[in-house]
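Next come the chains, spelled out residue by residue.
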Amino acid sequence: MGFVKRIVIGTLIGLWITASVAAEVAKTQVKGFDEQVQDIKKNILGIASELNQLEEQLLFPSSTQLAVFVALAPGDNLRLDALTIKIDGKDATHYIYSAKELEALQHGGIQRLYTGNIETGEHTLDLDLIGKSSSNKDYQYSASYKFVKGIKGAKLIEITLSGSGSKIESLTD
Amino acid sequence: MIRLTTLLCGLCLVSAASASVVASPVIMRNLQLGEAFYYAYQGAYIDAVAELDAKSARFYRLDDPNLDALQFQGGYPPFTATDFVSSARIIKNKEGIWILEDKVEQVKRNEEAYRQARIFFQNGQTEKALLSIEKIIEPVHDKIRNDALLLRAQISLANGKFDDAIKILLALQKVKGIEGFASYNLAIALIQSGQEKKGLEQLSKTGQINSNDENTLAIRDKANLVLGYRQIEKKQPVLAKEYFDRVRVSGPFSNKALLGSGWADATLGNFDRALVPWSILAKRSVTDVAVQESILAVPYAYAQLSLHGRAAVLYGSALEKFAVELNKLNNSIKSVRAGRFLQALAREELQQDKNGLLKIRDLPQAPDTYYLLELMASNDFQQSLKNYLYLKNLRKRLASWEQTLSALEEIVALRNQYYKPQLAMVDKRFRSLNGHIGAYLKARRLIDERLPSMFAKGEERVLWEKLYQLEDKHKNDNSPVAHDIRRRIKRLSGILLWQTYPAYDKQLIDAYQTLQQTNLNSERLTRLYTPFVRLRLAATQSYTGYDDQISLLKNQVQDAVDKVKTLLPQQGQLLESMAINALELRRKRLEEYQTQARIALAESYDRATKMQRGVK
């Protein structure tokens, strides 16, 4: 067999050995880093949870908190593009949906669309929806809803949307 | 040549079936759980778990959980983060509400155990994988039965339990869809358990499986490739060629098979035949290892066939190609060292696309990824990249949290500054008002109790007062004398009442009509009292008791910031060094080829010249 082939084979073996050693070192380092990252992840979850609670207590105490949730009716193929909420005639939020967010809603997730503070008493919630129906036609829908904010706890309002309208459910209080 | 066992060990293939972490479309009525799933379905697990944890912790802290929104759905225990991620424990009850189930069906537990075992195995945690897979007991759902068995065999193999692995794999060979995996892994198990002859026979069987499934065909090709190179090692080129010829020309292993086939012919001295596979190979993508070797092998074959002129031309062409590739590799290494590889990896748009890593090559000044494909597909690289991106995003999140905590601290301080003096004033006025209210309500109660006596004239009122005093004096005395006194007081009260009675009705009506207004005032005061107390409490709670919590969180965030500051560049450096190592290895190989090509070119040129001159 030729000189070239012997050299090639020798080179390949040498390089393979080098690669194997390097791979082992990398594997050990990868494992080490991975363990450190997993430790950090645990701590971060704890911090995130505590911070969430603190923020909510400070910024949105239950005596004044209003939270509006949005869900899609099960099995509905409404493609939600944008949603606008007004509270007592004033803009509360305008939200444009990404594909990921829409998919999450279609899978049954519920979005906390708005969190804010309002006084006790009677209020109005106005909803404007833009999207596409299951037959891919432009779809616009508006609705208005009255609710009362009491003193006892946070006011949670769930809006379930579908291609044929919306259903609003007021929770707590 | 690469040894058989090592080659085989590099190929623990895992079945394609996968169990998703989050369940298929669900109907949520619990808002907090629905919100957590909203984040989870987008892959934002930190947010999902943090939301649920926060709500769960708050639920446990309440003295009256009935007031909590989470409790609204009616008495179900809240989820912990682990429960959420492990969706096997989350089920829907009769009312359509998602709850945490204490007693989970074995079928669901099995799915969760399988999922965990897969993750541990892919991360190289073979002992934990074994513990997880051993939790699977009957009844097992059909959709994971065979995959779980295959995984159990692979885990047993990795843990040195060859007999267990062989037993399982023997049974799985007949299962359609995974016959290739089972057969191949059985061969590995036999070889590793010392039954090399049986293992090689099994490998040969694997190399002849009939199937239309792409994965099975790939396994078949790989088995033949391994056998072919083994025969070359054992200097059995004829047998080797048989195996190489079974490998598909268009599959993922065809390049190595073509190269091997050429070497088998070359070993037999049939260089003209060796040219066939090598010439096919030399026209393929020049970044492939086997193709680069063939670029050198083709002129070598021509030289062996005494066609030195042709060989010289081809060696020249090989040198040009190698020079171009070396240039690409050098530029790639420079690009990685300049940090552009990491920058490219961290780009947002690449993370949105599952094939995003392949698009790095399109970015300006980014390294060429053709030489990094194998590395980027490896578990170690993927895990390191995942960790790197996690740390990068975490750094931004921590910075945001630091700002949030400072802002919250400021809010608390401002509220303290604003409310404290105001509340002091409010408290002072409230105490005064409270006193008045108390006195008012006391007087009002007194009126109710003594209304009849209040219609009495001056003298009668005095008598009434005396009677009340006497009644009060003896009310707790149970002696016969006191009993007689009380009887006499009652009689005297009756006489007095009889005397005032004629005017009583009209006076009473007038009095009650007047009192009605005071009743309304009284009710209004009571209605205002409770909300006032709540608001007063809310005002205080808006700025007291947070200092320790904020301080603790700030320290925890700072700790995390320090850790990330250390770990992030280290993780990035690891990724870069993995890339550079891979590129340098290829560069070294190419440089060797280049050297050989130069030597061989000179040799071929020399011989060609001599042949032209007719010198032997």
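Residues numbered from 1 in each chain as written. Chains lettered and ligands numbered in written order. Predicted model: local features only at pLDDT ≥ 70, side-chain atom pairs only at ≥ 80, totals over all residues. Heavy atoms only, no water.

An account of the sheet that holds strand 2 (residues 79–87) of chain A is needed here, citing residue identities and associated values.
Residue and element names in this part refer to chain A. Here four strands make up an open sheet; going across it, the order is 3-2-5-6 and the pairing antiparallel. Strand pairing shows two members of the sheet lacking a second neighbour, strand 3 (90–96) and strand 6 (138–149), which therefore form its edges. Taking each pair of neighbouring strands and ignoring which way they run, the sheet shows an average axis angle of 15°. (Pairing = 2+ DSSP bridges. Helix = DSSP H or I, 4+ residues; strand = E, 2+ residues; numbered from the N terminus. Axes fitted to C-alpha atoms, helices over the stretch in contact; angles between N-to-C directions.)

Please set out the pattern of salt bridges residue by residue, giving values where relevant.
Residue and element names in this part refer to chain B. Tallied over the entire structure, the rule returns 19 salt bridges over all chains. Where Asp 484 meets Arg 487, a salt bridge forms, and the shortest distance between an N and an O atom there is 2.5 Å. Of this pair, Asp 484 and Arg 487 both sit in helix 22 (residues 480–500), three residues apart, which is roughly one turn of that helix. On the basis of relative accessibility, which here comes to 31%, the residue Asp 484 falls in the partly exposed class. Between Asp 606 and Lys 610 there is a salt bridge; the shortest N-O distance is 3.6 Å. Of the two residues, Asp 606 and Lys 610 both sit in helix 24 (residues 547–613), four residues apart, roughly one turn of that helix. (Salt bridge = Lys/Arg side-chain N within 4 Å of Asp/Glu carboxyl O. Buried < 20%, exposed > 50% of the residue type's maximum accessible area, 1.4 Å probe, protein only.)

Tell me about the side chain of A:Gln111, and name the residues and values.
Note on placement: A:Gln111 falls in strand 4 (residues 111–117). Judged by relative accessible area, which is 2%, A:Gln111 ranks as buried. When neighbours within four sequence positions are excluded, A:Gln111 is seen to be in contact with A:Val68, A:Phe69, A:Val70, A:Tyr95, A:Tyr97, A:Leu105 and B:Tyr38. (Contact = heavy atoms within 4.5 Å.)

Outline the pairing of strand 2 of chain A, listing residues and values.
Residues and elements named next belong to chain A. Two strands pair when backbone bridges link them, and strand 2 and strand 5 (residues 121–132) are joined in this way by eight bridges, in the antiparallel orientation. Within strand 5, the residue paired with Arg 79 across the bridge is Lys 132. Pairing between strand 2 and strand 3: six bridges, direction antiparallel. Bridge pairing links Ala 82 to Ile 96 in strand 3. Where strand 2 folds back onto strand 3 in an antiparallel hairpin, the turn is made up of two residues, including Asp 88, whose phi is positive at roughly 55°.

Let's hear about the environment of A:Arg79: which residues, and what values?
Residues and elements named next belong to chain A. Tracing the backbone through its elements, the reader meets Arg 79 in strand 2. On the accessibility criterion, Arg 79 (35% relative accessible area) is partly exposed. Expressed as a C-alpha distance, the spacing of Arg 79 and Lys 132, which sit 53 residues apart in the sequence, is 5.0 Å. Among the polar contacts listed, one links the side chain of Arg 79 to the side chain of Asp 81, at a separation of 3.1 Å. (Polar contact = N/O pair within 3.5 Å; in protein donor to acceptor, adjacent residues only side chain to side chain.)

So what about the pairing of strand 5 of chain A? Which residues, and what values?
Residues and elements named next belong to chain A. Pairing of strand 5 with strand 6, which is carried by 12 bridges, proceeds in the antiparallel orientation. Bridging from a neighbouring strand, Leu 125 pairs with Tyr 145 of strand 6. Hairpin connection, strand 5 to strand 6: the antiparallel pair is bridged by five residues, and Asn 136 has positive phi, about 65°.

Before we move on, can you summarise the nonpolar core with the specific residues and values?
Judged by nonpolar contacts, the single largest core of 93 residues is most densely connected at A:Ile44, B:Trp278 and B:Phe381. It is helix 24 of chain B that contributes the most residues to this core, 18 residues altogether. Counting 29 residues, the second-largest nonpolar core is a separate cluster that includes A:Leu72, A:Ile87, A:Leu127 and A:Ile157. (Core = buried A, V, L, I, M, F, W, Y, C linked by side-chain atoms within 4.5 Å.)

Tell me about unusual backbone geometry, and please be specific about residues and values.
Residues and elements named next belong to chain B. Between Glu 138 and Pro 139 the backbone carries a cis peptide bond, its omega angle lying at 5°. With respect to the helices and strands, Pro 139 occurs in the loop between helix 6 (126–133) and helix 7 (142–158). The residue Lys 235 is not glycine, and still its phi comes out positive at about 55°. Among the secondary structure elements, Lys 235 is positioned in the loop between helix 11 (214–233) and helix 12 (237–246). Not every positive phi belongs to a glycine, and Ser 306 is a case in point at roughly 65°. Of note, Ser 306 is situated in the loop between helix 15 (289–304) and helix 16 (308–337). Accessibility expressed as a relative area gives 39% for Ser 306, which makes it partly exposed.

Provide a residue-level description of helix 2 (residues 31–40) of chain B, including the pertinent values.
Here helix 2 of chain B lies mainly inside the structure; nine of its 10 residues are buried. Buried within helix 2 of chain B we find B:Leu31, B:Gln32, B:Leu33, B:Gly34, B:Glu35, B:Ala36, B:Phe37, B:Tyr38 and B:Ala40.

Break down the environment of A:Asp138 for me, citing the residues and quoting the values.
Residues and elements named next belong to chain A. With respect to the secondary-structure elements, Asp 138 resides in strand 6. Expressed as a C-alpha distance, the spacing of Asp 138 and Arg 79, which sit 59 residues apart in the sequence, is 9.6 Å. Filtering out sequence-adjacent residues up to four positions away, Asp 138 remains in contact with Gly 131 and Lys 132. Polar side-chain contacts of Asp 138 include one of 2.6 Å to the side chain of Lys 132.

In short, the description is geometric, and any link to function would need to be established separately.
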